[in-house]
Structure formats: C-alpha cells, structure tokens
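Below are the chains, spelled out letter by letter.
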Amino acid sequence: MKRRDFLQKGAMALAASTALSHDLFAAKKKGELVGVQLYSVRADMQKDPMGTLKKVAEMGYKNVEHANYVNRKFYGYSATEFKKILDDLGLKMPSGHTVMGKQHWDEAKGDFTDLWKQTVEDAAICGQQYVISPWLDVSLRKDMDSLKRFMDVFNKSGELCQKSGMKYGYHNHDFEFSLKLNAIPVYDLILQNTDPKLVIQQLDIGNMYGGGGRAADLLKRYPGRFESMHVKDEIAVTGANEKYESAVLGTGIINVKEIIDMGRKSGGTTHFIIEQESYQGKAPLDSIKEDLVIINKWGYK
C-alpha cells in the first residue's frame, strides 16, 4: 500500500471513529424529553387554555411546563382538573414554575407555610418531577447572609419535594450574573450553597446573556448540575429596556445546538424546555411550532 493511500484510509477510519464517538456522546439519555414553557403562549393560554393546549399537542409536543398557578389552580383549573385535561390531550407536565418567597417560609416555626405545602401537593397531583422557582426576590439577595439563609430554605424545599417523589429546582434570569455579593456572582453562590441532591438547576441559556452569563462556561464549571434547561435563542435589540430578546431557535447569537449538546453530554440535562418570549411579528404559536421542528432536526425529540 502506498503511503498516500495508507494515510487516506487512516484518515477515513479516524473520521468514522470520531463521528461514531460524537454520536455516542449525543445519544439520547434515559428520561430525556422535550417540552415547551407555556409562558411562550401566555396570551393564548389566558384567552383559551384548553384550545391552546390542544394546538400545542397537535404540533407534536408531548410535554408542557406551566407558568400559572394561582389560588391552587393552574390556568383556572384545579390540579385534578388540569391533570385530566393534559391526560386527555396526551400531554404530560414534568415541571412547573411557582415563585417561592418569604411568604412560603415561617421562620418562627422553622417550617413551610401551608401555601408552599399546597403548591408541592398540587404539583405532585399533576405528575410533576420538578417544582421550580423562577425568581429570587431582591430582599433575599441583598447580602451574603440573607442569600445563604434562603439557600437553606431551598434545601429544605428539596427535602419536602422528595417526600412526594419530586425535586425542587431554581430557574435563573440575568441578575444572578450581573449582581455580585462579596465579589462572587449570585448564581455561583446559589450553586455553592445548595445540595445537588436536593436542588436542581434549570439553566435558562438565554436569560443570562444580558447579565454576562454564558451557558458553556457554567456547564464546564459545574458538570452534572443542570437537570433541566430552558432552550432559548437571543437577538440583540435597540431602543428597549433589555439588550436582547428571544427569537426562533437557530436565528440568534447563541449557538443553541452546541449548548444543548453540552448539556446532554456533561451537564446532566434530560429536560429540554423550549421557551420563546418575543416573536418579531410572528404569532407565538407559529414560533413555538418552528422551534419544535428545529430542535427535532438537531436530534432532540
């Protein structure tokens, strides 16, 4: 065999093995799912929740994440009623967003108030795996001591959720990266002061961008910590309060596929939840339909 042929065949073999290795790393994990955060279609859900959920299911979505739990009701329905609506449409709700704040923790008793206990109870009725808080009030992040005390509450919420077979989680925005306490970004403090066995992180790869956070950096520094991810792309905007807004996947400045592949490979991510909050003139339902087609093409279903 001539040296040139030998090198060519060797290069081909290496390329094949590299491709195989990549396929193995990108292989779907046990429990992996794709869903949509219903805040993406918030106006539609407010007008016609049942009709909107039907359209979401017809697009091919199998999982949804709620963003409306008020007075023990999801979009106006009790937990039992909402679970039946989802079941009838072939939908599951593996996670949901409910802000946990001071009103949910009784410091004098060292226990959660009925308000939070009911939140966890209703989440379990709906079949959730994760109870996720998507905000941290300013009063809870004014100094290091305040933050650490509430991270202890986060851990206790994890223990409470575990009793119902669920996990507690936190979802970031941008302030966690722009705000620092004792020169340490708040998000690092959250990760460092919560027990990974009790508190999971739902990494919103778009929200963080304006605050200086970068998903790839976090996935490298905290492997295995991000069981859930908000899959989102961002575009730069001018003349608005925010520097960036979300857009259809693959059309913005975030290398979304690279990030979700990293999450699948080393971030511990199994829940990939699409969220789009701005639409550049498109209908929200049309936007999330495009998002689903794109993420499916990337090998996530």
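Above this text you will find the structure in question.
Quantities reported herein were computed from a predicted structural model and do not represent experimental measurements.

Cut-offs and rules
Residues numbered from 1 in each chain as written. Predicted model: local features only at pLDDT ≥ 70, side-chain atom pairs only at ≥ 80, totals over all residues. Heavy atoms only, no water. Pairing = 2+ DSSP bridges. Helix = DSSP H or I, 4+ residues; strand = E, 2+ residues; numbered from the N terminus. Axes fitted to C-alpha atoms, helices over the stretch in contact; angles between N-to-C directions. Phe/Tyr/Trp six-rings, centres within 6.5 Å; stacked < 30°, edge-to-face > 60°. Buried < 20%, exposed > 50% of the residue type's maximum accessible area, 1.4 Å probe, protein only. Lys NZ or Arg CZ within 6 Å of the ring centre and 35° of its normal.

S.K.: Explanation requested: the sheet that holds strand β9 (residues 130–133) in the structure shown.
M.R.: What links the strands of a sheet is backbone hydrogen bonding, and the strands pair in either a parallel or an antiparallel sense. Pairing within the closed barrel is parallel, and its eight strands lie in the order β1-β2-β6-β9-β10-β13-β14-β17. Adjacent strand axes in the sheet meet at a mean angle of 30° when their direction is disregarded. With four bridges connecting them, strand β1 (residues 33–37) and strand β17 (residues 271–274) associate as parallel partners. Bridge pairing links V36 to I274 in β17.

S.K.: What exactly am I supposed to notice about the packing of aromatic side chains here?
M.R.: Any aromatic ring pair is given by two values, namely how distant the centres are and how the planes are angled relative to each other. Going through the model one piece at a time under the given rule, you end up with 13 aromatic pairs. Seen in terms of ring centroids, W135 and F175 are 5.0 Å apart; in terms of plane orientation they differ by 75°. Their pairing is edge-to-face. With W135 in the loop between β9 and α6 (144–162) and F175 in helix α7 (residues 175–178), this residue pair connects regions lying 40 residues apart in the sequence. Taking the relative accessible area as the measure of exposure, F175 reaches 7% and is therefore buried. Each ring, one from F177 and one from Y187, has its centre 5.0 Å from the other, and the planes form 40°; the classification is tilted. Placement of F177 in helix α7 and of Y187 in helix α8 (residues 186–192) is noted, with a sequence separation of 10 residues between them. Y187 carries the same exposure label as F177, and that label is buried. Site record: aromatic cluster; members linked through ring pairs are Y69, F74, Y75, Y77 and F82. Of note, R141 hangs over the ring of F175, and the distance from its end group to the ring centre comes to 3.5 Å. The ring centre of Y300 lies 3.8 Å from the NZ or CZ of R264, which sits over that ring.

S.K.: How do you make sense of the pairing of β17 when you look at a structure like this?
M.R.: Note on strand geometry: in a regular strand, side chains alternate between the two faces of the sheet. Burial along β17 is two-sided: the face carrying H271 and I273 and the face carrying F272 and I274 are both buried. Alignment of strand β14 (residues 228–231) against β17, held across four bridges, turns out to be parallel. Across the sheet, residue H230 finds its bridge partner in β17, namely I273.

S.K.: Can you walk me through unusual backbone geometry in this structure?
M.R.: With the exception of glycine, the majority of residues adopt a negative phi angle, and the majority of peptide bonds are in the trans configuration. The phi angle at R72 is positive, at roughly 65°, despite the residue not being glycine. Mapped onto the elements of the fold, R72 is located in the loop between β3 (69–70) and β4 (73–74). Unlike most non-glycine residues, Y75 shows phi in positive territory, near 55°. Structurally, Y75 is set in the loop between β4 and β5 (77–78). Residue Y75 is classed as buried on the basis of its relative accessible area of 13%.

S.K.: Help me understand the sheet that holds β5, please; the structure alone is not making it clear to me.
M.R.: One open sheet accounts for three strands, arranged β3-β4-β5; its pairing is antiparallel. At either margin of the open sheet sits one strand with a lone partner, and together these are β3 and β5. Relative to β4, β3 runs antiparallel, the two sharing two bridges. The partner of V70 across the bridge, within β4, is K73.

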